[in-house]
Amino acid sequence: MDADSEQRWPTYLRSVLAFSAVGVLLLYLLQRVQPLLPLSDGMAAVEQSSAWNTAVSFVTNTNWQGYSGESTMGNLVQMAGLAVQNFVSAAVGITVAIALVRGFARTTTDRLGNFWVDVTRTVTRVLLPISVVAALVLVLGGVVQNLSAGVAAHTLGGVTQFLPGGPVASQEAIKELGTNGGGFFNANSAHPFEGPTAWVSLFQIFLMLLIPFALPRTFGRMVGDKRQGYAILGVMAALASVSLGLMSWVQARSGGTATQLAGAAMEGQEVRFGGPLSALFADVTTLTSTGAVNSMHDSFTPLGGGVAMVNMMLGEVAPGGVGSGLYGMLVLAVITVFVAGLMVGRTPEYLGKRLGRREMTLASLYILTTPALVLIGTGIAMAFPAGRGAMLNAGPHGLSEVLYAFTSAANNNGSAFAGLSANTPFYNVALGLAMAFGRFLPIVFVLALAGRLAVQGRRPATVGTFPTHRPLFVSLLFAVVLVVVGLTYFPALSLGPLAEGL
Amino acid sequence: MTTLSGPPVVSARNLLTPDQVGPALVGSLKKLDPRAQLHQPVIFVVWVGSAFSTVLAIAEPTLFGWLIAGWLWLTVLFANVAEAVAEGRGKAQAATLRKARTTTVAHLVDGREVPAATLQPGDRVVVVAGQVIPGDGDVTEGIASVDESAITGESAPVIRESGGDRSAVTGGTTVLSDRIVVQITSKPGETFVDRMIGLVEGASRQKTPNEIALNILLSSLTVIFLLAVVTLQPLAIYSGAKQPIAVLIALVVCLIPTTIGALLSAIGIAGMDRLVQRNVLAMSGRAVEAAGDVNTLLLDKTGTITLGNRQAVTFMAVGGTEEKEVADAAQLASLADETPEGRSVVVLAKTQYGLRERSDLPGAQFVPFTAQTRMSGVDLPDGRELRKGAAGAVTGWVRACGGHVPREVAQFVDGISGSGGTPLVLASLDQGTARVLGVIHLKDVVKQGMRERFDELRRMGIRTVMITGDNERTARAIAEEAGVDDVLAEATPEDKLALIAREQAGGRLVAMTGDGTNDAPALAQADVGVAMNTGTSAAKEAGNMVDLDSNPTKLIEIVEIGKQLLITRGSLTTFSIANDIAKYFAILPAMFAGVFPALATLNIMRLASPQSAILSAVIFNALIIVALVPLALRGVRYTPASASAMLRRNLLVYGAGGVILPFVGIKLIDLLVSLLPGIA
C-alpha cells in the first residue's frame, strides 16, 4: 500500500463500499458457521435473515439488534465479528467525514486522500487507544471482562442463577465510543454487567459524546478557521440541549395515577439510577446514533418516545454518529448557506466554495434519502400484514413502534422501541435494507460532493459574503434543521406519539 | 465614453396596468397545457393534483370536492398569470422593436439591390441620408449622423464614422445626413434587434445557474412532501382515519413550495426586464446573476469616475497681480474658446469673482488655438493682447516679446502637474510689456456622488479599480479624491486583460465596461462585460451586456439588479417554506382530530370545521401567489448593506413573516369560508 497515493472521489467511494461489502459478507458467514468455530460456547448458527440483518446492522454502524446477544452470539462472533465492525464501521464514518472536510479545505485538486490509510489511522490512532483506556475504566467500574461462557450460581434462595460472562468491557468501550450501540447482552447497558453503576452510565454517556462533539473542532482546524468548527459545534450543542430539556420535561410531567404516585414515569426506567439518568441516556443515545440503552424507550411517555424519535429524525446530526454526524450537519449547512446566500444576493458559497447545480443536487439527494427510507418503510410496514403482524401494541403506540424501528434503522441509530417483534424475516430484510441504504447512499452523495468541492478554487470572503461562523448562521442552521425535519415527519408523528401523548 | 447619464428611455412602467392584465390572463389560460408546465416541476405536481381532484369531484360530486378542485386549478392559473404578466411586459417592448425591423431594401456597393433580410456578413452596402441601415455592421467609408432612437429611445442623433471607436451601426437605425458604406457583420436573423426582441420577450430565456440549483432544491422538497403524504395514508388507515384522496391532494399542494415555484420564472423574467428598463441588454441571464456576484469593478476614469473634461478650479496670481485681475483676463481670453476647458474658465470667473460673461467685445480680435502656437487668446481694441495656453508656449511668447518669466510660474506649473491637474499659463502684452499674469489650474473633476457610490460598493464587499491612461501620480491623486480602492495607471489593453486574469485567478469575479475594439479581449474575459452602445461591434460582440445609454456608471446599477434578483428568489423561498408550518396546524388536526380528539389541541387557529380548515389552507395557498406577483416583478427592497445586515432583515421579514402571516390569513379565510352552507 502506497500511503502517499491519494484517491479521487470515485476510487475513495469504491474503497468504502468494497470494504463494507466484505465486512457484511464476513460477518454474515461468521454467524452462519458459528457452531463449527471455537469459543462459540455451543451457540447455534444464526438464522439467515437475522444474520443478514445483524451483519448489515454492525457494518453500517447501526447496531440494530433483532437478536438477543447472550443467547445467540458466542464470544468468537462477539469479538472477531461484532467488535471488529464496531471499530471499523466507526472508522469508516470518520474517514468519510474527513474526506468531505478535505473537499472544503483543499482547492483545485481531485484527490480526497487514501481511504485505506485513513481508516487504518483512525482505528489505530484514535479508536483503539481511547478504547483501551475506556475499557480499563469500565472494568474498574465493575463491567465484566472475561472469556467465560458464564457460570451457574446457586443463590441463597436455593435456585440456580446463570451468570453470563464474556469480553464485555472491551466491547462496551467501543460500543459507546464508536456510537455503535450494539450491546453484548440483550438488555444492553441496562444489564448490570454492562452498566453496573450510575457513574459508569455517565461515563458511557461521555464516551458517546466524545468523538461526535470533537469532530467539529477537527473540521475547523482543517479548513483553517476554528470558528467555523465552533459554529457547527454550537448548532449541535443547541439542538442537543433543547432535546434534553424537552425529554426531561415530558418525562417528569406526564399524567396518570401510577406516574403521579411515583413522581415521574418510572416504568421501564433504569430504576437503580432514577428517571433523570434514564432520560439523559435515552436522549444522548438517540442524539448520537449510538442506540445503546439503559432503559426501555418503549416505556417512556409517548412524548418522551417522540423526542427520542425526533432526535433520530434530525438525521443524527446533533451531534450524531462518529463522522456521520459531522457530514450530515455539513450537508445541512450547505442547504442553509444556499438559501441564506440567495437572500444576501450572491451565488451562495460555503467556505469559499460555490454551491451550484451539482452541489445542490447532491445535498438535496442527501436530505431526501433518510426521510424517504423512513416514510416508505413505515408506510409499507403499515400497509401489509407482514408488517402489522409483528406489532405487540395496538393504536398509536403500535404505530410509534414501527415508525421508531424504521427511523432507527434508516438513520443508523440502532436503538429499538421494543414492543415490536422485529426478528421476523420481513423486518430483518426491510430494516436491513433501510440500514444499508440509509448508510451508503448518503456516503455516495457526501463523497461525490467532496469531490466537487475539492476541484473548486476558493473564492475570497468579503463583507458581501455571508459569514458562517456568527450566531446568526448558528440560529439559521438550527432553524433549518428543525423546520426541514418538522415538516417531513409531522404527519407521521401526529398519528404516533402526538396522538398518544397530547 | 463621455455620454452622461441620460433619463431611462423606458420609463418605469406601472407594475400591473389594466391593458397588461387582459393578455396575461389569456396567456395564463394557454399555459394550462400540461406540456407548458413541465419546466416548473412544482406547478406540474399541482396540475396533476388538480386534474386528479377534478376526476374525483366528477365521480363523487360534493361541494367540498368541487371547491378543492376549483381552487387547485386556480393555483395553477395564478402561477401562470405571474409568468404571463412578466412576459407581457417584455412583449410591449418587443413590439416597438419589431417596428424598427422593417423590411428594407439594401443597396450593395456594386449597385445591386437585395432585401435586407438576405444580407450576409461581409456584404458592403451604401446608405444615404433618409435611408434605414439594413443590418448591423461597421462603417468602412464616410461619416454620417444617425438617428438611433428606434433602439435607444434617445432622439439626439449620433455621429458614426469609419475607423476608430465610433464605427458601429445598428440595423434599423436611420441615417440623417451624408453617405456611408457599411460592412455587414451579423447573420440574417441574428441581428442586434433580433436578439433584443428575443431577450425582452423571454423567448430565448434560459434558466440561470442559481435558478437551476434552486429548482433542484425545490424539487427535492416536493418529493419529500409527496412521500410524507403518500405514506401517510397507510398510517391513517391503520389508525382508522382513512383520508379522502382530495384531502391528501390538498395537503400535498399546500406543503410543496408552490409560492416560490409559481413565481420563480416570473422573478427571472422581471429581473431581465428591470435591466431592459434601464436600457441595458443582457445577452444571458447568467450574466445578470454574475453581476450580483461581482467582487471587483474595473471602471474607466474618464467618463465614469470623472466628467471627462478638464475644468478650471483656481486662478493663481503671479508677480503681484490681483487674483481678480487674473480671473478677468482669463475670462476675456476664453470668451471665444468653445472647448469645455474654455467654458469652464468663463464659468469659474463668473461664479468665483462675480465677473459677468461679456457676450460681445466690439473690435476684439480672437486668436484661435492652433497646434503650432498651442495657445489661444484675444487682441483687445485698447491694444492689450491676452494669451493663455500650455506653459512652454506662453512663457516662450512672453520671452519673445521681451518679458520676464518669474520663478514662481515654474513652481505653480510643477505643483499643478504633480497633483494630477493641467496648468494653463495666462500672459498679457500691454504697451510693449509682456508679463505672466497667472496660472489657471485645470483639473479632471470627479463626478458628484461618486465617493458615496464607492463607499456603498465597499459596504457590499465590492472593490473598485480605476483604469486610466494617466501616469501613476495623476491617477493616484484622482483615485484618492474619488475614493476608489485601487488604480491601474498608464493602462494598456494588455494590462487590463492581465489585471482581470489576476483577479479571476484569486477567485474573484470581475465586471468592466468598454467601447473600443481594443477593449474587446478584456470584455470577453471579464465575468460581466458591459459594452457601450456607442462602441464598436467588436466590443459589443465581446461583452455579455450592452448599455444603450452608453453610461459606464450604470455598471453599479447592474450589480444591484443582479443582487436583487437573487435576494428576491431567496426571500420568497424562505417565505414559501415558512408558510408550511401554519398549513400543518390547519390541516393535520382537521384530518385526524376526529379519531384522536387530543390532536384538536393542534388546531390553535380554532378553525370552524375540518372542511373549512382544509379549504382555507388551499385558498390561502392560491391567493398568496397573486398577492406576491407585484413583489416578484418589482423585486424585494434592496439597500446596499453588509451580508449579515441584509440577511437579518430578510429573515425577519420573509422568515418570521412567513411563519406568522399564514396563521392570520388562514384564520381570516376560514371566517369567510365557514359562512358557506355545507362547509361549516
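Values in this document were obtained by computation on a predicted structure and should not be read as measured data.

Calculation criteria
- Residues numbered from 1 in each chain as written.
- Chains lettered and ligands numbered in written order.
- Predicted model: local features only at pLDDT ≥ 70, side-chain atom pairs only at ≥ 80, totals over all residues.
- Heavy atoms only, no water.
- 1 Å grid on protein atoms, 1.4 Å probe; cavity = no way out; pocket = protein on both sides within 12 Å on 5 of 7 lines; lining within 4 Å.
- Points joined across faces, edges and corners; volume = space filled by probe spheres on them.
- Helix = DSSP H or I, 4+ residues; strand = E, 2+ residues; numbered from the N terminus.
- Nonpolar A, V, L, I, M, F, W, Y, C, P; charged D, E, K, R; others polar.
- Contact = heavy atoms within 4.5 Å.
- Buried area = accessible area lost by both parts, 1.4 Å probe.
- Salt bridge = Lys/Arg side-chain N within 4 Å of Asp/Glu carboxyl O.
- Polar contact = N/O pair within 3.5 Å; in protein donor to acceptor, adjacent residues only side chain to side chain.
- Pairing = 2+ DSSP bridges.
- Domains from an automatic or database assignment.
- Expected span 1.5 Å × (residues − 1).
- Buried < 20%, exposed > 50% of the residue type's maximum accessible area, 1.4 Å probe, protein only.
- Core = buried A, V, L, I, M, F, W, Y, C linked by side-chain atoms within 4.5 Å.

## Observations concerning the layout of surface pockets
Of the voids in this model, the largest pocket is the one considered here, and its volume is about 840 Å³. Lining the largest pocket are 28 residues, and of these Leu246(A), Val310(A), Leu482(A), Gly486(A) and Leu493(A) sit closest to its centre. When residues of the lining of the largest pocket are traced back to their parent elements, those giving at least two are helix H8 (226-253), helix H11 (302-313) and helix H17 (471-501) of chain A together with helix H21 (554-592) of chain B. Among the elements that line the lining of the largest pocket, the one with the most residues is H17(A), at eleven residues. Considered class by class, the residues forming the lining of the largest pocket number 23 nonpolar, four polar and one charged.

## Observations regarding the interface of chain A and chain B
The interface is formed by 58 residues belonging to chain A together with 57 residues belonging to chain B. Taken together, both faces of the contact between chain A and chain B bury some 4,900 Å²; the carbon and sulfur share is 75%. Three residues, Met343(A), Leu487(A) and Leu495(A), lead the burial of chain A against chain B; their summed loss comes to 16% of the area buried on that side. Where chain A touches chain B, the interface holds one salt bridge. Across the pair Arg354(A) and Asp293(B) runs a salt bridge, and its minimum N-O distance is 3.5 Å. Summed over the shared surface of chain A and chain B, the number is nine residue pairs in polar contact (both at pLDDT 80 or more). Contributing elements (two or more residues each) for the side of chain A that touches chain B: helix H12 (324-343), helix H13 (357-383), helix H15 (395-410) and H17 of chain A. Grouping the amino acids of the side of chain A that touches chain B by side-chain chemistry returns 35 nonpolar, 16 polar and seven charged.

## Some points on the sheet that holds strand E6 (residues 158-161) of chain B
Residues and elements named next belong to chain B. Sheet architecture is open: three strands sit in the order E6-E5-E8, paired in antiparallel fashion. Each edge of the open sheet carries a strand with a single partner, namely E6 and strand E8 (174-175). Here four bridges tie strand E5 (residues 143-147) to E6, and the two strands are oriented antiparallel to one another. Note that in E6 the partner of Val146 across the bridge is Val158.

## A few points about the domain arrangement of chain A
Residue and element names in this part refer to chain A. On domain assignment, one finds that chain A holds domain 1 (9-150 + 163-214) and domain 2 (221-501). Between domain 1 and domain 2, the C-alpha centre-to-centre distance is 21 Å. Contact residues are listed per partner, giving 68 residues for domain 1 and 72 residues for domain 2. Between domain 1 and domain 2, roughly 5,300 Å² of surface is buried when both sides are summed, and carbon and sulfur atoms account for 75% of that area. By the criterion of area lost to domain 2, the three top residues of domain 1 are Trp64, Leu100 and Phe104, representing 16% of everything that side buries.

## Brief notes about H12(A)
All names here are of chain A. When the terminal C-alpha atoms of H12 are compared, their 29 Å separation across 20 residues agrees well with the 28 Å that a helix rising 1.5 Å per residue should span. Counting buried positions along H12 gives 20 out of 20 residues, so the element sits mostly inside the fold. Phi turns positive one or two residues past the end of H12, at Gly345, with a value near 80°.

## A few points about the nonpolar core
Core analysis: the largest hydrophobic core is formed by 284 residues, its most contacted members being Phe104(A), Phe219(A), Ile232(A), Tyr350(A), Leu297(B) and Met545(B). Looking at this core, the element that brings in the most residues is H21(B), giving 19 residues. Shared between two domains, this core takes at least three residues from each, and those domains are domain 1 (9-150 + 163-214) and domain 2 (221-501) of chain A. Not counting chain neighbours up to four residues away, the residues in contact with Phe219(A) comprise Val101(A), Phe104(A), Gln228(A), Gly229(A), Ile232(A), Leu326(A), Leu330(A), Tyr350(A) and Leu351(A). Membership of the second largest hydrophobic core comes to 23 residues, among which are Ala330(B), Leu380(B), Leu424(B) and Ile440(B).

## Here's the deal with the side chain of Ser167(B)
Along the chain, Ser167(B) turns up in the loop between E6 and strand E7 (168-169). Ignoring anything within four residues of it in the chain, the contact list for Ser167(B) reads Gly137(B), Asp138(B), Val139(B), Glu161(B) and Thr536(B).

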